[in-house]
Amino acid sequence: MTNALKKIYIGLIIFFLYAPIGTLMVLSFNASKARTKWGGFTFKWYAALFENEEILSALFNTMLIALLSALAATLIGTVACIAMTGMKRRTKSIMMGITNIPMLNAEIVTGISLMLLYISLGIKFGIGTILLSHITFNIPYVILSVMPRMKQLNPSTYEAALDLGASHTTAFFKVVLPDLTPGILSGFLMAFTMSLDDFIITHFTKGIGVDTLSTKIYTEVKKGIKPEMYALSTIIFVTVLALLLLVNLSPEKKEQK
Amino acid sequence: MPKELIHLNNLSKSFDGQMVLDELNLKIHENEFVTLLGPSGCGKTTTLRILGGFAVPDAGQVIFDGKDITHVPPNLRPLNTVFQKYALFTHMTIAENIAFGLKIKKKSKAYIQDKIKYALKLVNLEGYGNRMPDSLSGGQQQRIAIARAIVNEPKVLLLDEPLGALDLKLRQEMQYELIRMKNELGITFVYVTHDQEEALTMSDTIVVMNQGYIQQIGSPESIYNEPENAFVADFIGDSNIIPATMVEDKLVSILGFRFPCVDTGFGRNRPVDVVIRPEDVELVAPSEGTLQGVVSHLIFKGVHYEMEVMAGGFEWLVHSTVLHPVGEEVGIRVDPFNIQIMNKPESEDEEAVAIDI
């Protein structure tokens, strides 16, 4: 009895969490334009989506920015973690605090500050500014996922590699880096997802005529909601979901080996 | 005497203004099993790290086979280290772990295969080559760490408390294993531990350290039987350390009672410390003892009873196979040969007995 109740309870929670998205997904396959009527199953909105050049270019921008910003943030974040490990405890906790603040800061504040910074430095808005902003807010997420791995690292393994004749570079790439890989990988995926997902910061730092998927949807919606947008939102949701599952599952798989 | 291999010459090292080693001098010979023994913070691990190349002394030199290697990086030293927490590479198989050093030295595949086989056999883990380190027990991982070090044919193997994380039974087993391996390999072992029993069992030479100074260097027998100061006496096994006065040659006054002893050359009426091991205190009938006392505590320890006897204002620690119940009046007698006379500590560093243990 209690077991059945538990299941109903968790079922309700999941229902309320996912019902809106479920509705959206169902509507994206609705042949009728009306939101309240089911006109039969169709892929035509998906087809229409991929014929729309503006949306395709926004998709390309989104992917490019997500990939490049995740790569850059992963590199910078990992190097930062290594550097912080060598610091004294006080400096280290101060540095960790500083890197954590952007994550807690309201996105709109980050967005506006970045915009003001670019204006005052005279940087032209465009893909470049979006990329810079995304790298900025992605670095903390990489640090957050690499740092715990770094702490688990046995400092003696590095010394053991040196002791066995390896140079500093060899020891790092053959012994330290493989141990960090799961953390680096999940940091990269997290950064990728965050960048894919972002609207507010992108909205403030993009130039005129440059759009990512999220800003594109926003402009389209202002003109009136088209069913293509349901299709697009569904694709974004599924992609993010897949990436998040990957992030959560990848370290465990490594561990089991 | 075998050839001198390592000479630590006047090593000094401090961290954040705190002196860890103070003008340490030590000679290590070929094929010797040397143990650096002392409480934590005594500088033994720092000494080992300087030997391995992981720390650079503030002053002094490390001379290896006649050459100064003080500033040679660890990857170019003819020594290998077995680390405290094994430090195996967890993403590599056992065989890959053992092959690591040989691959860097670009040895042939056949040579590496032979070496892996030989090393696994030496540490009694044949057939474990394809396993991952995580699937091995602590004792097995420790053996792999040793195998990984010795395939490189170092002239000296440095071991940093390698048995610290193992349980008692396994530790005793590994002690015999280490002695066997050392004899089979014919190389020098420098071993760091805070466990006096480990040191006594395995070493040719024990170096007792405290607060950055060497307190005594000697064979296990001489360290145990003839400690030079109160620190060594207290650190190596249980002992009764009692302030006394050397009345004249071969006669010492302990707690006001005169005991014949065998030591000479301390002068007349000189204050000294005496060390008497608990197993050397004989409990006899009150009338036969040099002084009389009452048993105040009694514990059964398996091999013997441990008793405390209040006599002459001092609580004597006594090990005996004969039971004397609490409250019994006994006499205390000590064979002259079993009284070890020590000079009172002259320097501060010898006085750390009470603080560290």
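Residues numbered from 1 in each chain as written. Chains lettered and ligands numbered in written order. Predicted model: local features only at pLDDT ≥ 70, side-chain atom pairs only at ≥ 80, totals over all residues. Heavy atoms only, no water.

Before going further, it helps to examine unusual backbone geometry. Residues and elements named next belong to chain B. Although it is not a glycine, E161 sits at a positive phi angle of roughly 40°. Tracing the chain through its elements places E161 in the loop between β7 (156–160) and α5 (168–185). Phi is positive for N269, which is not a glycine, with a value near 50°. Locating N269 in the fold gives a position in the loop between β13 (257–260) and β14 (270–276). (Helix = DSSP H or I, 4+ residues; strand = E, 2+ residues; numbered from the N terminus.)

All names here are of chain B. Inspection of the entire model under this criterion finds 21 salt bridges over all chains. One salt bridge in this structure joins K27 and E4, with 4.0 Å as the shortest N-O distance. One end of the pair, K27, is in strand β2 (residues 18–29); the other, E4, is in strand β1 (residues 4–15), and 23 residues separate them in sequence. Judged by relative accessible area, E4 falls into the partly exposed class, the value being 35%. Between K182 and D204 there is a salt bridge, with its nearest N and O atoms 3.9 Å apart. One end of the pair, K182, is in helix α5; the other, D204, is in the loop between α6 (196–202) and β9 (205–210), with 22 residues separating them in the sequence. By relative accessible area, K182 is classed as buried at 7%. (Salt bridge = Lys/Arg side-chain N within 4 Å of Asp/Glu carboxyl O. Buried < 20%, exposed > 50% of the residue type's maximum accessible area, 1.4 Å probe, protein only.)

Attention now moves to the packing of helix α4 (residues 89–104) of chain A against helix α6 (residues 127–152) of chain A. Residue and element names in this part refer to chain A. It is at 8 Å that the axes of α4 and α6 come closest, and there the two elements cross at 130°. Taken as axis vectors, α4 and α6 run oblique relative to one another. For the pair α4 and α6, the contacting residues are K92, M96, T99, N100, P102 and M103 in the first and P140, Y141, I143, L144 and M147 in the second. Counted by class, the contact of α4 with α6 contains eight nonpolar, two polar and one charged residues. (Axes fitted to C-alpha atoms, helices over the stretch in contact; angles between N-to-C directions. Parallel < 35°, antiparallel > 145°, perpendicular 65-115°, else oblique. Contact = heavy atoms within 4.5 Å. Nonpolar A, V, L, I, M, F, W, Y, C, P; charged D, E, K, R; others polar.)

Turning our attention to the side chain of H319(B). Residue and element names in this part refer to chain B. Residue position: H319 is located in strand β18 (residues 314–320). What makes H319 buried here is its relative accessible area of 14%. Here the side chain of H319 touches E306 through a polar contact of 3.4 Å, side chain to side chain. Apart from the residues within four sequence positions on either side, H319 is in contact with D238, P278, E279, H304, Y305 and E306. (Polar contact = N/O pair within 3.5 Å; in protein donor to acceptor, adjacent residues only side chain to side chain.)

Looking now at helix α10 (residues 213–223) of chain A. Taken together, the buried positions of α10(A) are L213(A), S214(A), T215(A), K216(A), I217(A) and E220(A). At the C-terminal side of α10(A), G224(A) shows a positive phi close to 120°.

With that out of the way, let us pick up the interface of chain B and chain A. Taken together, the contact between chain B and chain A spans 23 residues of the former and 17 residues of the latter. Buried area between chain B and chain A, summed over both chains or domains, comes out near 1700 Å², and the portion from carbon and sulfur atoms is 60%. Looking only at chain B, the three residues that lose the most surface to chain A are N75(B), H91(B) and F100(B), adding up to 29% of its buried area. Applying the counting criterion to the chain B and chain A interface returns one salt bridge. Across the pair R49(B) and E159(A) runs a salt bridge, and its minimum N-O distance is 2.7 Å. Our enumeration of links across chain B and chain A arrives at seven residue pairs in polar contact (both at pLDDT 80 or more). (Buried area = accessible area lost by both parts, 1.4 Å probe.)

Residue and element names in this part refer to chain B. Read across the sheet, four strands follow the order β2-β1-β4-β5 without closing on themselves; strand pairing throughout is antiparallel. Strands at the two margins of the open sheet, each flanked by one partner only, are β2 and β5 (67–68). In terms of strand pairing, strand β4 (residues 59–64) meets β5 through two bridges, oriented antiparallel. Within β5, the residue paired with I63 across the bridge is D68. (Pairing = 2+ DSSP bridges.)

This paragraph deals with a positive patch on the surface. On the surface, K174(A), K103(B), K106(B) and K109(B) cluster together to form a positively charged patch. Classification of K174(A) as partly exposed rests on a relative accessible area of 45%. (Patch = residues over 30% accessible without salt bridge, like charges linked within 9 Å, V, L, I, M, F, W, Y side chains within 5 Å. Areas by Shrake-Rupley, 256 points an atom, 1.4 Å probe, with all protein chains shown as cover. Lys, Arg positive; Asp, Glu negative; His and termini not counted. Charge placed at Lys NZ, Arg CZ, Asp CG, Glu CD.)

Okay, the domain arrangement of chain B next. Residue and element names in this part refer to chain B. Taken domain by domain, chain B holds domain 1 (4–225) and domain 2 (230–356). Put simply, the middle of domain 1 and the middle of domain 2, counted by C-alpha atoms, are 37 Å apart. Contacts between domain 1 and domain 2 engage 17 residues on the former and twelve residues on the latter. Both faces combined, the contact of domain 1 with domain 2 buries some 1300 Å², and carbon together with sulfur accounts for 61% of it. Applying the counting criterion to the domain 1 and domain 2 interface returns zero salt bridges. Our enumeration of links across domain 1 and domain 2 arrives at three residue pairs in polar contact (both at pLDDT 80 or more). (Domains from an automatic or database assignment.)

The side chains of a regular strand alternate between both faces of the sheet. All names here are of chain B. Where burial is concerned, most of β14 is hidden: five out of the seven residues are buried. In terms of strand pairing, β14 meets strand β20 (residues 340–343) through four bridges, oriented antiparallel. Bridging from a neighbouring strand, V272 pairs with N343 of β20.

With that out of the way, let us pick up the side chain of R77(B). Residue and element names in this part refer to chain B. Take R77: it is sitting in the loop between β5 and β6 (79–82). Here R77 is buried and forms no salt bridge, its nearest opposite-charge partner D68 lying at an N-O distance of 7.4 Å. Here the side chain of R77 touches T70 through a polar contact of 3.2 Å, landing on its backbone oxygen. In contact with R77, other than residues within four places in its own chain, are I50, L51, G52, G53, I69, T70, H71 and V72.

Let us look at the packing of aromatic side chains. In the structure shown here, the tally under the stated rule is 18 aromatic pairs over all chains. For the ring pair F43(A) and Y46(A), a centre distance of 6.1 Å and an interplane angle of 70° mean the geometry is edge-to-face. Taking relative accessible area as the criterion, F43(A) reaches 52% and is therefore assigned exposed. Taken together through their ring pairs, the aromatic side chains of F29(A), F41(A), F43(A) and Y46(A) make up a single cluster. The ring of F89(B) carries R148(B) above its face, with NZ or CZ at 4.5 Å from the centroid. When the ring centre of Y224(B) is taken as reference, the NZ or CZ atom of R277(B) above it lies at 4.1 Å. (Phe/Tyr/Trp six-rings, centres within 6.5 Å; stacked < 30°, edge-to-face > 60°. Lys NZ or Arg CZ within 6 Å of the ring centre and 35° of its normal.)

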